[in-house]
Amino acid sequence: MDDDATDNHPRTTDSHADAYAGSQAGDRAGGRAGDRAEDHAGDHAVVLGAGLAGLLAARVLARRFSRVTMIERDELPQGEPVFRPGIPQSRHAHVLWSRGVELIELMLPGITDKLVAAGAGLYDSPRDFLWLSPADWFGPVSGARVLLASRELLDQAVRQEVLRNPRIRVRAGETAAGLAAGPGGRTVTGVELRGGERLAARLVVDATGRTSKAPAWLAELGHPAPGVTRIDSHLGYSSRYFEIPDDPGRRWQGMYVQGRPELPRGGVLMPLDADRWLVTLVGNGEHAPSVREEEFLPFARSLRSPALYDAIRDATPLSAPTAFRNTANEWRHYERLERWPAGFVVLGDAVCRFNPVYGHGMTVAALAAEALAKEIRTLNPEEIAAASRRIQRRTTAVAAVPWQIATSEDMRYPVTEGPPPDRATRILQSYMSRVMAAANTDPAIAARFFGVLSLTSPPGTLLDPVTMVRVLSQRRLPTAPHTTAYPSHHGPPVARAQSRPPAAG
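Each chain has its residues counted from 1, following the order in which its sequence is written. The predicted origin of the model limits local features to residues at a pLDDT of at least 70 and limits the giving and counting of side-chain atom pairs to 80 or more, whereas totals for whole chains, interfaces and linings rest on all residues. To get the side-chain values, all heavy atoms of the structure are used, and hydrogens and water are removed first.

Asks: Please clarify how the overall build of the protein chain should be interpreted in this entry.
Replies: Strands here are runs of E lasting at least two residues and helices are runs of H or I lasting at least four, both read from the DSSP assignment and numbered beginning at the N terminus. For the protein chain, the helix and strand inventory stands at 15 helices and 20 strands. In the protein chain, which comprises 505 residues, the proportion classed as buried is 56%. Every accessible area reported is derived by Shrake-Rupley at a probe size of 1.4 Å, with residue values counting cover from the shown protein chains alone. Within the structure as shown, the protein chain displays about 20700 Å² of accessible surface, and the carbon and sulfur contribution to it stands at 51%. Classification of residues uses two cut-offs on accessible area relative to the type maximum, computed with a 1.4 Å probe and protein chains only: under 20% is buried, over 50% is exposed, and between them is partly exposed.

Okay, here's the thing in structure tokens:
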């Protein structure tokens, strides 16, 4: 990382909280300021994309701009939360880690309670789950808070809160076709919409996710394409919803059965709003799960533990299986470009996307919005546009840690395509295997491990001398662990104990 890189895990200070709180007075006055500035591009920001990254960016920008216009290609649903094409991965498992919950609550006070009232759940991971790691079952140890909700509910709730701000509006069913720019492509001055309309703006933020056209748009302005790093473990998803069956003996809220390189199959079961389970089966390469209904349960039965199969074998499906295959880690290195146009910033998955199995995408979107807020909090719109290159680097820097987590783990699998792991990565992988084994049973190590995994604590937390001694003193190495069918603290459903299949691996 260059010298513009920042600490990826800044703790929220009172002054930073005050900056969020103080902006609310400006929000209340924003409608009047926006009316006066209706025809002035200098007070106008445009955000492309109304997913989570775009919504949080709009919320932050409304503190400094009198008008923020969001352009979203999908028609946005009213009423009950429903699927929309722009978020195809919403039908698969999502996790909002504690750091993301904290930051979104800071930007939109009260949002967490509203989500919980609508059916979302706050849980302690791994304590509230049955979680089979590559090493062994996690015991009932406390790690980090997670918020579980359907992506449709989460997006709708955040969107409703963001649009309460009179400075922000959304134009749904519209698509950006390119950037408008000044002489030599040195400054972005707005966006061209499909159909020919031009929106003038002091700042344009691309938060269109995986489908971003920013490389092509920059090329049209005479800027070089960014270098791309891509690491693809060829992970495939197959997901479907189930009714939650009655089971008075169930003491867990969700389940995660992870695979290992020699058996790269796993599964996630999580409770969602509307009293449903979402079950996502995963596999790498030729082990990717099918979307055929008749193959869903047999795949679940083939995992390292029968626990997930036991949970859903008699549950009533609410949907057919749905596939998702676009799971590669990909980083477009805009932060390395020597030339960058003023008035343009790229955020979220449009810059860096991760294998979604690690659950970091939404939390990274919140971290990028926090970094954006810090960079612009003392600047006027003209200064913000001029600082775009620095803002691009600072907002991109938050991806470094989740990128390291996702790619170093994906490099363990033989089918993974991309740069091979270097010596430092192999050493890290070996050490993290020991960390995982220790975290299964040691509450202190579990707290540190999940602090890093939830992006709340920096990775150095796992490298302090006390932690390293505890980790390296573990006698049992996770090279070929024996897997019990269930953890010691929770057995199988009694009525099925005689019929369950043996554990794999």
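Read on for the rest.
Asks: Just checking my understanding: could you explain unusual backbone geometry for this structure?
Replies: What is expected of a backbone is that most residues other than glycine have negative phi and most peptide bonds are trans. With an omega of 10°, the peptide bond between Ser125 and Pro126 qualifies as cis. Backbone geometry places His234, a non-glycine residue, at a positive phi of 55°. Within the element layout of this structure, His234 appears in the loop between strand S12 (228–231) and strand S13 (235–243). By relative accessible area, His234 is classed as partly exposed at 31%.

Asks: Explain the sheet that holds strand S17 (residues 322–324) here, please?
Replies: Note on sheets: strands pair through backbone hydrogen bonds, and any given pair is parallel or antiparallel. In short, DSSP must find at least two bridges between two strands for them to pair. Across the sheet, 6 strands lie side by side as S5-S14-S15-S16-S13-S17; this open sheet has mixed pairing. With one partner strand each, in any of the chains shown, strand S5 (129–132) and S17 form the two edges of the open sheet. Taking each pair of neighbouring strands and ignoring which way they run, the sheet shows an average axis angle of 15°. Of the strand pairs in this sheet, S13 and S17 are connected by 3 bridges, and their pairing is antiparallel. Residue Ser239 lies in a different strand from S17, and its bridge partner there is Thr322. The convention used is that axes are lines fitted to C-alpha atoms, helices contributing only their stretch in contact, and that angles between N-to-C directions extend from 0 to 180 degrees.

Asks: Mind showing me how you'd approach the confidence of the model for the protein chain here?
Replies: Summing up the model confidence of the protein chain, the mean pLDDT is 89 and the portion of residues at 70 or higher is 88%. Think of pLDDT as the predictor's per-residue confidence, scored from 0 to 100. A contact between two residues is defined here by any heavy atoms of the two lying within 4.5 Å. pLDDT under 50 marks residues 1–16. Its contacts with residues more than four places away, or in other chains, come to 37 contacts.

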